[in-house]
Amino acid sequence: MLLRMSSLFLRTLREDPADAEVPGHRLLVRAGYVRRAAPGIYSWLPLGYRTFRNVERIVREEMDAAGFQEVHFPALLPREPYEATNRWTEYGDNLFRLKDRRGNDFLLGPTHEEMFTLLVKDQYSSYKDLPVSLYQIQTKYRDEARARGGLLRGREFVMKDSYSFDIDDAGLAASYQRHRDAYIKTFERLGLDFEIVSATSGAMGGSRSEEFLHPTEIGEDTFVRCTTGHYAANSEAVTTPAPAVIPLEGLPAAHIEDTPDTPTIDSLVAAANAMFPGRDFTAADTLKNVVVTLVHPTGEREPLVIGVPGDREVDTKRLEAAVAPAEIDAFEAADFAQHPGLVKGYIGPQALGTESQTKIRYLLDPRVAGGSAWITGANQPGKHVFDLVAGRDFTADGTIEAANVVEGDPCPVCAAEGGEGSLTLARGLEIGHIFQLGRKYADALGLKVLDQNGKLVTVTMGSYGIGVSRALAAIAEASWDEKGLCWPREVAPADVHVIAQGKAAKDTAVFEAAEKLSRELEAAGVRVLFDDRPKVSPGVKFKDADLIGVPSILVVGQKLADGVIEFIDRKSGASENVLLGEAVKHVVAAINE
């Protein structure tokens, strides 16, 4: 049925909505695609839902083409499976929890590993049944602390999640590759640029993990690329090449010095160079000990100290990834009062570690190699210790990847191979994530099958997600100009936007010709949005067409008397005159380019 602007449930806006943070979100609201229902929760309007269904269709077609089978689970789920995997606790405040009238616990599903695992356990019992890959396109719920960017990070969102089940690790690797290939085809069809980067597994668990990131300045993730092109990773997953251990023989003894009025690393370095003019100290010679509080899913609060070189900062996202599922909280004045062994501003490693008097866990950046000497706090007000040597004067409970990654850092892969590649930084938006889960969920929920020898073995799993609603938002963020949206054709709500120029009362021939042309286009399989509004000025119609962003625009207007209409490419703005009788052929050719 012809989609007519005169009856379409649509109100475009001339002003940006006050709560919209990024361009694509502003335009989706202004063009009448979505409306905000609550923070992080959006309603789809007709144009928006048509576009969303196109994105969903592409995802579904590629999953089906890869041989994956679609199922559908409820969003309201029982507590027990998530209790068995400990995710009822690990998800913490991100989980929407509720009780029924009988007091039974339920949740709104943030992801469905448990339910897929139990479904396969219920249906399959032999290695002959495997491999199998199942998927669904389902609404998910996460109680985000700060929803942002409209559809980019919502509390309710639509996700395609699929799961592979294999008898062994070789099978998992093959299933993983099939999903990876299907994702590449999917995002290419969606018209989204993407980088495949190594990633952490987070609360999902498992071994290998990769993200599909859409490069954009509004992205929440920082990712790195090696100058050689051989390595790419989310900054959370970057590993630091550890320096070689330095022999301890001949190193000077540690000594404590008065360093009053040195509240910053810069002031400490200046004082050090004034005291020892021949040493030429820099921030990289100082060891900064940062105290945070870990909040575990059980609610337990644990102090943690991270030691990083003074020319680095603790990257909150890298730290969160390293300590997940625990969350990070500030270490406040009241916390210092409870731990008098920590001298604020002058914390040193001698007082740290689970074997120390404070019993506070201490983790070091990998750059703090054995035999390296540092200037750091002396655990006394106004004093620092110089030439404190790692492995001789202090030890730690382990290492942690929590320091920020900076442009020019060595590539870990090149470093391991003796190469010289370095890292460049960019921003990206996660649009897909694939995991080799292994046996975490199968073990927890008892998913076993009989192998070729009749022995019960635990099934190994993979998990693969695409944010469907987020993908639409990412396309919007990548497809706009100063006039409005510019949709790729395959996801656009229509192929062509036909404008009847003028007003119906006096331009009868124009409206009749536009009506006829729209029907002929529709009969030819072209999706048409027809602006047949009888009393709307041409200027408003053109502005709405630019704002809505259908890829091709046909204008039936003043040139009709000469048998000519105007064809406009929305993205480039290129315009050409087309004979009315050739218009359908011209549009079909444009669609098939």
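On a predicted model such as this, the values are computed, not experimentally measured, just so you know.

A.B. asks: Would you mind going over the state of the cysteines with me for this structure?
C.D. replies: Note on terminology: a disulfide is the covalent bond linking the sulfur atoms of two cysteines. Inspection of every chain in the model, using the stated rule, returns zero disulfides. Considering cysteine sulfurs only, Cys226 is the nearest to Cys414, which forms no disulfide, with 3.6 Å between them.

A.B. asks: Just to check I follow, could you spell out the side chain of Gln136 for this structure?
C.D. replies: Structurally, the position occupied by Gln136 is in strand 8 (residues 132-141). At a separation of 3.0 Å, a polar atom in the side chain of Gln136 contacts the main-chain amide nitrogen of Phe73. Here the side chain of Gln136 touches His112 through a polar contact of 3.4 Å, side chain to side chain. Setting aside its immediate chain neighbours within four residues, Gln136 contacts Val71, His72, Phe73, His112, Phe116, Met159, Lys160 and Asp161.

A.B. asks: Looking at this structure, I do not really get the pairing of strand 25 (residues 460-467). What am I missing?
C.D. replies: Residues in a regular strand point their side chains to alternate faces of the sheet. Strand 25 sits mainly inside the fold: eight of its eight residues count as buried. Of the two faces of strand 25, the one holding Thr460, Gly462, Tyr464 and Ile466 and the one holding Met461, Ser463, Gly465 and Gly467 are both buried throughout. Alignment of strand 9 (residues 156-166) against strand 25, held across eight bridges, turns out to be antiparallel. Bridged to Ser162 within strand 25 is Tyr464. Note that strand 22 (residues 423-438) and strand 25 share six bridges and pair antiparallel. What sits directly across from Phe435, in strand 25, is Ser463.

A.B. asks: Would you mind going over the pattern of salt bridges with me for this structure?
C.D. replies: A complete count under the given rule lists 49 salt bridges for this structure. Between Asp143 and Arg155 there is a salt bridge, with the nearest N and O atoms lying 2.7 Å from each other. On the criterion of sequence distance, the pair formed by Asp143 in the loop between strand 8 and strand 9 and Arg155 in the loop between strand 8 and strand 9 is long-range, its members being twelve residues apart. Classification of Asp143 as partly exposed rests on a relative accessible area of 24%.

A.B. asks: How should helix 1 (residues 23-30) be read in this particular structure?
C.D. replies: Quick reminder: α-helices carry 3.6 residues per turn. Residues three or four places apart thus point the same way. The element helix 1 is extensively covered by neighbouring structure, given that seven of its eight residues are classed as buried. The complete set of buried residues in helix 1 reads Pro23, Gly24, His25, Leu27, Leu28, Val29 and Arg30. Elements that come into contact with the buried residues of helix 1 comprise strand 2 (34-38), strand 3 (41-44), helix 12 (468-478) and helix 14 (538-548). Positive backbone phi, approximately 80°, marks Gly32, located one or two places after helix 1.

A.B. asks: Could you clarify how one ought to interpret the sheet that holds strand 5 (residues 76-78) in this entry?
C.D. replies: Adjacent strands of a sheet pair through backbone hydrogen bonds, lying either parallel or antiparallel. An order of 5-7-6 is seen for the three strands of this open sheet, with the pairing classed as antiparallel. With one partner strand each, in any of the chains shown, strand 5 and strand 6 (96-99) form the two edges of the open sheet. On average, each strand axis in the sheet is tilted by 35° relative to the strand beside it, whichever way the strands run. Bridge count between strand 6 and strand 7 (residues 105-108): four bridges; the pairing is antiparallel. For Arg97, the partnering residue across the bridge sits in strand 7 and is Leu107.

Cut-offs used in this document
Residues numbered from 1 in each chain as written. Predicted model: local features only at pLDDT ≥ 70, side-chain atom pairs only at ≥ 80, totals over all residues. Heavy atoms only, no water. Disulfide = S-S within 2.5 Å. Helix = DSSP H or I, 4+ residues; strand = E, 2+ residues; numbered from the N terminus. Polar contact = N/O pair within 3.5 Å; in protein donor to acceptor, adjacent residues only side chain to side chain. Contact = heavy atoms within 4.5 Å. Buried < 20%, exposed > 50% of the residue type's maximum accessible area, 1.4 Å probe, protein only. Pairing = 2+ DSSP bridges. Salt bridge = Lys/Arg side-chain N within 4 Å of Asp/Glu carboxyl O. Axes fitted to C-alpha atoms, helices over the stretch in contact; angles between N-to-C directions.

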